Amino acid sequence: MTPYNEHKADVLARLATSRQSGLTSEEAQARLIQHGPNALAASKPLPAWRQFLATLKEPLVIILFIAVLLAWASAGYDFFVRNDPSHGMAAVYESIAILLLIFVNAGLSFWQAKSAQKSLDALKVMADHHAKVLRDGDWLTVPATELVPGDIVSVKTGDFIEADVRWLHVAELQTNEAHLTGEAEPVQKQTHALGADVQIGDRTNMGFSGATVTHGNGLGVVVATGMQTELGKIATLLDQVKDKKTPIERTIARLTTKLMMVAMVIVAFTLLVELFKAYQQTGSLSFAALAESLSTAIALAVAAIPDALPAVLSIVLTIGATMLAKNNGLIKSLNSVETLGATSYIASDKTGTLTKNEMTVTRFYANGASYVVEGDGYEPVGEIIPDDEGDTPGFSRFMLASVLNNEAAIQTDDEGRSRPYGNPTDVALVVMGHKFGIDRDTILNKDQALDIDIIRELPFDSDRKMMSVVIKDGDQYQVLTKGAPDVILAKTDAILDHDQPITLAAGQAAVEAQVNRFAEQALRTLAVTLRDIDEDLALHGSTGDLEQHLTLLGIAGIIDPPRPEVRQSVTTLHQAGIQVVMITGDHAVTARAIALKLGIVTDPSARVVEGKQLEAMTDDDLFRLAPSIRVYARVSPEHKQRIVHALQRHGETVAMTGDGINDAPALRAADIGIAMGINGTEVTKDAADLILLDDKFTTIERSVRAGRTIFGNIKNFMRHELTTNVAEVLALLFGVLLMTQPVGQVAATTPTLTALMVLWVNMISDALPSFALGYDVPEADLMNQPPRNVKQSILHGMLGRIFLRGIVMGGLVYVAFIWAASQGMSGAEAQTLAFLTLVFGQLWHVFDARSTRTLFARNPFENHQLLLAVAFAAAASLLVTIMPFFNEVMGTAPLSSTLYAAVVFIPALPTFILSGIKELWLRWHRPPVAPERQAAPEHD
Ligand code: ATP
């Protein structure tokens, strides 16, 4: 027997489970061990040693390997031909040190890649699919991987079906099974047993793993999980997701390749010049001269490439993603960290994101009179007071229809508090019913002398903006429909007024005026209707047939207070040149009233574009209009995509929120698709780049701020790294070009810095502070700058500064070298002085690099990691010039204490002088502006 042939009860019995209480948690645990996790098998990841070897394939590492070979060749020549073992040993040490560096560096990048992957995996788990399951009689949300056969699961529109299930109860349930059948049309589900040999697409009493619920809701029992599901049977092993490089990573990879080519040219040029110099001095060309020239050339090649950059970058992006998660913003790919910082438009849903989604009916209009409902929260306490004194016509039919056509419930928890379950709009109506003294369950249990049964449910969806139930009241069938008043009025024939149905024409104006009055008070409005129908229509009528010829019973006015913190976020975003747009399914007047309260618009007559107006517009009309519109009302999900495209055509970077299943295409179209972690559907979470774990708008603002901070930090360390590279190359090139004669004891072919010194600088004194820059706190005016232009390269506006600082720093290093030589110091001493001048030049410069403005614009003590990294790099660099072992290996030599003092402080001068001049110039032309006084940039 297969589950689709069996009756529901037989499936439940065979799987030893209960529809009322589900499995026990012990049984579920035992079945999980027996059946394994509910996941498709993935292919094995590469073994660690292969991943490690892969890091050795970097072009830079290959250059270093060549350097090692050359060092060995030169050592062999010294040992066996020249018979100069001490010179030979120096080359051997150099090769060992380079090898050590290669492996330490490879180990480090391997470890960094691993730990980055670990953090990302941890974040991914948070974004994983979940399922609603009944265990021990309670509904729980569990990771989808924990589902087992026999679990009772419940799904609603927008959910993924996480395992193969046999339906036990469905309400207008439709699912999309295109992944199995190729059929894009949703399939209507039912619960009866089917005959033998029915194709998958026709198994209408089954739900399949990987399908999405496009409509309605359902309750089912899991019959297969993991590789046993229909999906598992056809799925080949899932490949591990390939690392996708982010745009910055790609930019840097391109930059590194370009720099490698530049390095090759410089190396070839240097070799020629050095050989020429050797020839000039000795009159012949020896292997020794070649080896010497090669070592300068290798130092140059190493100097030209920002080797630590890729590793630092991936770590900083990962730090960023983790930082965002701490702020309740779950990022799904590192790409988005970068895009977030460039966001120029945020299009947000209203309900739940900008507002609290804690709804309360405060007013209603029914049977020709209007009322105030007192009390807040979910407790059933509050008077219902008529607006007009005197006899009121009564509103029990409105109340009854509001609570019966309703999916929500209020339950009392262990501590005696009322807790809402279900859609907040419906919850508001349940609470209103309680204040009136009626409750759906009591009515349906026939405790109130009423004989009412619900026989069909037509659940709410945001395209129809309505929901209905079909009831049988004694012998009479009725459809109860409620929804957006403007949509409902178009399907209404009559209005109940003082217990008499009057025609729509007679009553419409009064009802609309009432709706407007509610909406102007920022109330969400809902029309409640009823229609008597015959049995045939009741049982077989389509949604469209049922939801027409309605009689309006009343209008509810529901308050959904704006989240108090949003106004400040909107102000901050406006100051940051980011526009906030509200897109809502709600009424235009309500939407504008809320937008005014939140500061999204300031003009009480600001234009609101409605969905039906959007439909009448061409894409070009919308393109022209979009930059000036801040509120869209009564929109359907498909309109969102058009709004995104219109803004993107203006070159804007658009972040868009969504929660319903139909929002997924708009989220994919947006540069940053944002899903709600709590109220969002699984499908939107899947389509999103950013998931708000707390559903709050403020989290978007904080994520954008974090995106900008991370991008700023990346720019800062690139500025720092590249300046050092320019300085190193120039220090060496100045030596090659300017030192044509021996100076003192120093030969003309002696490089300004040895290859190992350059490597040290790149790996230690440069990389560590760069890494610490990744942790830097945002600059004070971060959110007072307009959004970054995504079309500009990350290096835009930095090159002048990089070259100026690099030339001065490199020049100073060369001057230190030449000065030492002219004082009669040895080659090693002169190189050591040059090395330390470079190290300290950098360590001072890093404080300048961390500001977009100047060294003086930021408090140098606020980044503790940076201070630590600088202190460590300084101490370690001084130590390698003192310790004999390193003297031997790196070619350093101890210096006098005066010289040590000089190399620590003199290299600070260029940074202070250049930064000082710039600061004075800036103050003269552009005095620093206090952030709060800066005007919001005008975008329209
Ligand atoms: P947003 O798009 O900002 O989340 P929203 O919640 O108002 O706003 P929808 O959920 O699409 O958007 O609702 C649109 C309209 O449908 C509401 O203004 C309301 O009139 C009506 N509506 C919402 N919930 C229900 C419900 N449970 N039953 C009947 N009608 C509803």
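Throughout, a residue's number is its position along its own chain's written sequence, starting from 1. Totals for whole chains, interfaces and linings use every residue, but because this is a predicted model, local features are given only for residues with pLDDT of at least 70 and side-chain atom pairs only at 80 or more, for both listing and counting. Only heavy atoms go into the side-chain values, all of them from the structure, while hydrogens and water stay out.

**Regarding the packing of helix α28 (residues 799-822) against helix α29 (residues 827-849)**
- The N-to-C vectors of α28 and α29 enclose an angle of 155°; their axes lie 8 Å apart at closest approach. One way to sum up the angle between α28 and α29 is to call them roughly antiparallel. Here α28 and α29 pass one another in a crossing that is right-handed. Between α28, through Arg801, Arg805, Met809, Leu812, Val813, Ala816, Phe817, Trp819, Ala820 and Ala821, and α29, the contact on the second element is made entirely by Ala830, Gln831, Leu833, Ala834, Thr837, Leu838, Gly841, Gln842, His845, Asp848 and Ala849. To define axes, lines are fitted to C-alpha atoms, for helices over the stretch in contact only, and angles between the resulting N-to-C directions are given on a 0 to 180 degree scale. Segments assigned H or I by DSSP are reported as helices when at least four residues long, segments assigned E as strands when at least two residues long, and all are numbered from the N terminus. Orientation labels follow simple angle bins: below 35 degrees gives roughly parallel, above 145 gives roughly antiparallel, 65 to 115 gives roughly perpendicular, and whatever is left gives oblique. The sense of a crossing depends on the near helix, which, turned anticlockwise from the far helix by less than a right angle, makes the crossing left-handed and, turned clockwise, makes it right-handed. The contact definition used throughout considers only heavy atoms, calling two residues in contact when any of these lie within 4.5 Å.

**Quick look at the site of the ligand**
- Near the ligand, the surroundings consist of 21 residues, among which Lys350, Thr351, Asn423, Ser462 and Arg524 are the closest.
- In this structure, Thr351 approaches the ligand through a side-chain N or O atom, which is 3.0 Å from an oxygen atom.
- Think of a polar contact as two N or O atoms within 3.5 Å of one another; within protein, one of them needs to be a possible hydrogen donor and the other a possible acceptor, and neighboring residues in sequence only count if both atoms come from side chains. One nitrogen or oxygen atom from the side chain of Arg634 is found 3.2 Å from an oxygen atom belonging to the ligand.
- For the ligand, whose unbound accessible area comes to 610 Å², protein coverage reaches 91%.
- Elements that contribute at least two residues to the shell around the ligand include exactly α13 (424-436), β17 (476-483) and β20 (524-533).
- Ranked by residue count, the leading element in the shell around the ligand is β20, at 3 residues.
- Taken together, the residues of the shell around the ligand break down into 5 nonpolar, 8 polar and 8 charged. One heavy atom within 4 Å of a molecule or strand is enough for the residue carrying it to be called near that molecule or strand. Surface exposure here means Shrake-Rupley accessible area, sampled with a 1.4 Å probe, where a residue is shielded only by the protein chains that are shown. Charged residues are taken to be Asp, Glu, Lys and Arg, nonpolar residues to be Ala, Val, Leu, Ile, Met, Phe, Trp, Tyr, Cys and Pro, and polar residues to be all remaining types, Gly included.

**A short note on the packing of aromatic side chains**
- The criterion for an aromatic pair is that two Phe, Tyr or Trp rings (for Trp, the six-membered ring) have centres within 6.5 Å, with stacked assigned to planes under 30 degrees apart, edge-to-face to planes over 60 apart and tilted to the rest. In this structure the tally under the stated criterion is 11 aromatic pairs.
- Seen in terms of ring centroids, Phe364 and Tyr371 are 4.8 Å apart; in terms of plane orientation they differ by 20°. Their pairing is stacked.
- Exposed residues in this analysis have more than 50% of their type's maximum accessible area, buried residues have under 20%, and partly exposed residues fall in between, with area computed by a 1.4 Å probe over protein chains only. The exposure class of Phe364 is buried, given its relative accessible area of 0%.
- Take Tyr371: its relative accessible area is 1%, and that puts it in the buried class.
- Relative to Phe398, the ring of Phe364 lies with its centre 5.1 Å away and its plane at 20°, an arrangement referred to as stacked. Here the residue Phe364 occupies a position in strand β10 (residues 360-366), and Phe398 occupies one in helix α12 (residues 396-404), the gap between them amounting to 34 residues.

**Structural notes on the sheet that holds strand β26 (residues 672-676)**
- Strand order in this open sheet of 8 strands is β8-β27-β26-β25-β9-β22-β24-β23, and the pairing throughout is mixed. Among the strands making up the open sheet, the edge pair consists of β8 (329-331) and β23 (608-610). Strand-to-strand twist of the sheet, defined as the mean angle between neighbouring strand axes without regard to direction, takes the value 20°.
- One ladder, built from 5 bridges, connects strand β9 (residues 345-349) with strand β22 (residues 579-583); its direction is parallel. Considered in β22, the bridge of Tyr345 is made with Gln579. Pairs of strands are assigned from DSSP output, requiring at least two bridges between the strands.

**Looking at the domain arrangement of the protein**
- Boundary definitions for the domains trace back to an automatic or database domain assignment. Each assigned domain of the protein is listed with its residue range as follows: domain 1 (3-35 + 122-240), domain 2 (52-113 + 245-323 + 704-783 + 794-925), domain 3 (329-355 + 564-695) and domain 4 (361-559).
- Spacing between the C-alpha centres of domain 1 and domain 2 amounts to 59 Å.

**Brief notes about unusual backbone geometry**
- Backbone geometry at Ala16 places phi at a positive 50°, although glycine is not the residue there.
- With respect to the secondary-structure elements, Ala16 resides in the loop between α1 (8-14) and α2 (25-35).
- Of note in this structure, Asn328 is not a glycine but carries a positive phi near 75°.
- Note that Asn328 resides in the loop between α10 (309-326) and β8.

**Considering the confidence of the model for the protein**
- What pLDDT reports is the predictor's confidence in each residue, on a scale of 0 through 100. Taken as a whole, the protein shows an average pLDDT of 86; of its residues, 95% reach a score of 70 or greater.
- Confidence over residues 237-243 falls short of pLDDT 50; this stretch has 11 contacts with residues more than four positions distant or in other chains.
- pLDDT under 50 marks residues 929-940. Its contacts with residues more than four places away, or in other chains, come to 20 contacts.

**Some details on helix α27 (residues 755-773)**
- In this scheme, a helix's expected span is set at 1.5 Å multiplied by one less than its residue total. Helix length check: α27, at 19 residues, gives a terminal C-alpha distance of 26 Å against a target of 27 Å (1.5 Å per residue), a fit within 8%.
- Note on bend: at a given residue it equals the angle between the axes fitted to the 7 residues ending there and to the 7 starting there. The largest bend in α27 is about 45°, located at Ala767, with the proline Pro769 one to four residues further on.
- Of all 19 residues making up α27, 16 are buried, and the element is well covered by its neighbours.

**Considering α29**
- If you check α29, its first and last C-alpha atoms are 32 Å apart, about what 23 residues at 1.5 Å a residue would give, namely 33 Å.
- Burial analysis of α29 places 20 of its 23 residues in the buried class, which makes it a mostly covered element.

**Considerations on the nonpolar core**
- Phe697, Ile714, Phe717, Met718 and Phe835 are the most contacted members of the largest nonpolar core, which has 131 residues in total.
- No other element matches helix α26 (residues 697-738), which puts 17 residues into this core.
- Mapped onto the domain boundaries, this core takes at least three residues apiece from domain 2 (52-113 + 245-323 + 704-783 + 794-925) and domain 3 (329-355 + 564-695).
- Ranked by size, the runner-up nonpolar core spans 30 residues in total, among them Val361, Ile384, Val403 and Ile452. The definition of a nonpolar core used throughout is a set of buried Ala, Val, Leu, Ile, Met, Phe, Trp, Tyr and Cys residues joined through side-chain atoms within 4.5 Å.

**Here's the deal with the pattern of salt bridges**
- Every case where a carboxyl oxygen of Asp or Glu lies within 4 Å of a side-chain nitrogen of Lys or Arg is listed as a salt bridge. Counted according to the given criterion, the structure contains 30 salt bridges.
- Linking Glu547 and Arg464 is a salt bridge whose minimum nitrogen-to-oxygen distance equals 2.7 Å. Of this pair, Glu547 sits in the loop between α18 (543-546) and β21 (550-559) while Arg464 is found in the loop between β15 (452-461) and β16 (466-473), placing the two residues 83 residues apart along the sequence. The exposure classification of Glu547 matches that of Arg464, with both residues buried.
- Salt-bridge contacts for Glu682 lead to Lys685; the nearest nitrogen and oxygen are separated by 3.5 Å. Note that Glu682 and Lys685 are positioned in helix α25 (residues 682-687) at a spacing of 3 residues, about one turn of the helix.

**Some thoughts on a nonpolar patch on the surface**
- On the surface, a nonpolar cluster with roughly 380 Å² of combined accessible area is contributed by Ile906, Leu909, Ile913 and Ile917.
- For Ile917, the location among the structural elements is in helix α33 (residues 908-925). Every patch collects residues that have over 30% relative accessible area and no salt bridge, joining them within 9 Å if they carry like charges and within 5 Å if they are nonpolar side chains (Val, Leu, Ile, Met, Phe, Trp, Tyr).

**With respect to the environment of Thr723**
- Relative to the elements of secondary structure, Thr723 occurs in helix α26.
- Expressed as a C-alpha distance, the spacing of Thr723 and Lys156, which sit 567 residues apart in the sequence, is 56 Å.
- Setting aside anything within four residues of it in sequence, one finds Thr723 in contact with Ile802, Arg805, Gly806, Met809 and His845.
- Of the polar contacts made by the side chain of Thr723, one reaches the backbone oxygen of Arg719; its length is 2.5 Å.

**Topic: the side chain of Thr343**
- Checked against the element boundaries, Thr343 lands in the loop between α11 (334-340) and β9.
- At 2.7 Å, the side chain of Thr343 and the backbone oxygen of Leu340 are in polar contact.
- In this structure, Thr343 is in contact with Ile578, Thr653, Ala655, Ile672, Val704 and Pro787, ignoring residues within four places of it in sequence.

**Some details on the environment of Arg397**
- Secondary-structure assignment places Arg397 in helix α12.
- The exposure class assigned to Arg397 is partly exposed, which follows from its relative accessible area of 45%.
- Ignoring anything within four residues of it in the chain, the contact list for Arg397 reads Leu496, Asp499 and Leu553.

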